[in-house]
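Coordinates in review
Residue strings, one per chain:
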Amino acid sequence: YLGDYRLTDEHRGRPVYRNREGCYLYATGGGWAVSATVGSSVPVMRSTSPAPSPALCQHWQYSANSVFGSGGAPWKDGDITVTIKK
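These lines cover the structure that appears in this document, whether it is placed above or below. (Residues numbered from 1 in each chain as written. Predicted model: local features only at pLDDT ≥ 70, side-chain atom pairs only at ≥ 80, totals over all residues. Heavy atoms only, no water.)

Quick look at the overall build of the chain now. A tally of helices and strands in the chain yields zero helices and seven strands. Evaluated residue by residue, the chain yields a buried proportion of 35% over its 86 residues. Long-range pairs, those at least 24 residues apart, make up 20% of the contacts in the chain between residues at least 6 apart in sequence. As presented, the chain carries roughly 5600 Å² of accessible surface, and 49% of it is formed by carbon and sulfur atoms. (Helix = DSSP H or I, 4+ residues; strand = E, 2+ residues; numbered from the N terminus. Buried < 20%, exposed > 50% of the residue type's maximum accessible area, 1.4 Å probe, protein only. Contact = heavy atoms within 4.5 Å. Areas by Shrake-Rupley, 256 points an atom, 1.4 Å probe, with all protein chains shown as cover.)

Shown next as structure tokens:
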């Protein structure tokens with residue numbers, strides 16, 4: 001789910017980014033999420049605050065039940081940074 005994402009489409013009028021492995025970074029209710037499908041109700045990563053761009057999100061969490069975690073609490077704070085390259 002990590003890697004370089006490129007702008008590919010829109011979802012609910014907001015940008016959608018996709019990486020080479022077919023994962024998506026997309027807007028969700030003001031925040032942002034990363035998952036294998038756009039609009040997934042259970043993303044692998046999510047921002048914890050709304051922002052107009054994923055690069056402006058200061059705090060991200062990952063699912064403890066994903067490949068990154070080992071179980072336990074549903075969400076864990078992560079050292080995740082999003083940058084947009086031009």
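The rest of the description comes next.
Residues Tyr 5, Leu 25, Trp 32 and Trp 60 are the most contacted members of the largest nonpolar core, which totals 14 residues. Elements that contribute at least two residues to this core include exactly strand 3 (24-28) and strand 4 (31-35). Once residues within four sequence positions are removed from consideration, Trp 60 is found in contact with Leu 25, Trp 32, Arg 46, Ser 47, Pro 54, Lys 76, Asp 77, Gly 78, Ile 80 and Val 82. (Core = buried A, V, L, I, M, F, W, Y, C linked by side-chain atoms within 4.5 Å.)

Further remarks concern the sheet that holds strand 5 (residues 45-47). Neighbouring strands of a sheet are bound in pairs by backbone hydrogen bonds; such pairs are parallel or else antiparallel. Strand order in this open sheet of seven strands is 1-2-3-4-5-6-7, and the pairing throughout is antiparallel. The open sheet terminates on both sides in strands that have one partner only, identified here as strand 1 (5-11) and strand 7 (75-78). Between one strand and the next, the sheet's axes are offset by a mean angle of 30°, whatever the strand orientation. Two strands pair when backbone bridges link them, and strand 4 and strand 5 are joined in this way by two bridges, in the antiparallel orientation. Counterpart to Ala 33 in the pairing with strand 5 is Arg 46. (Pairing = 2+ DSSP bridges. Axes fitted to C-alpha atoms, helices over the stretch in contact; angles between N-to-C directions.)

The analysis is restricted to geometry; functional conclusions fall outside its scope.
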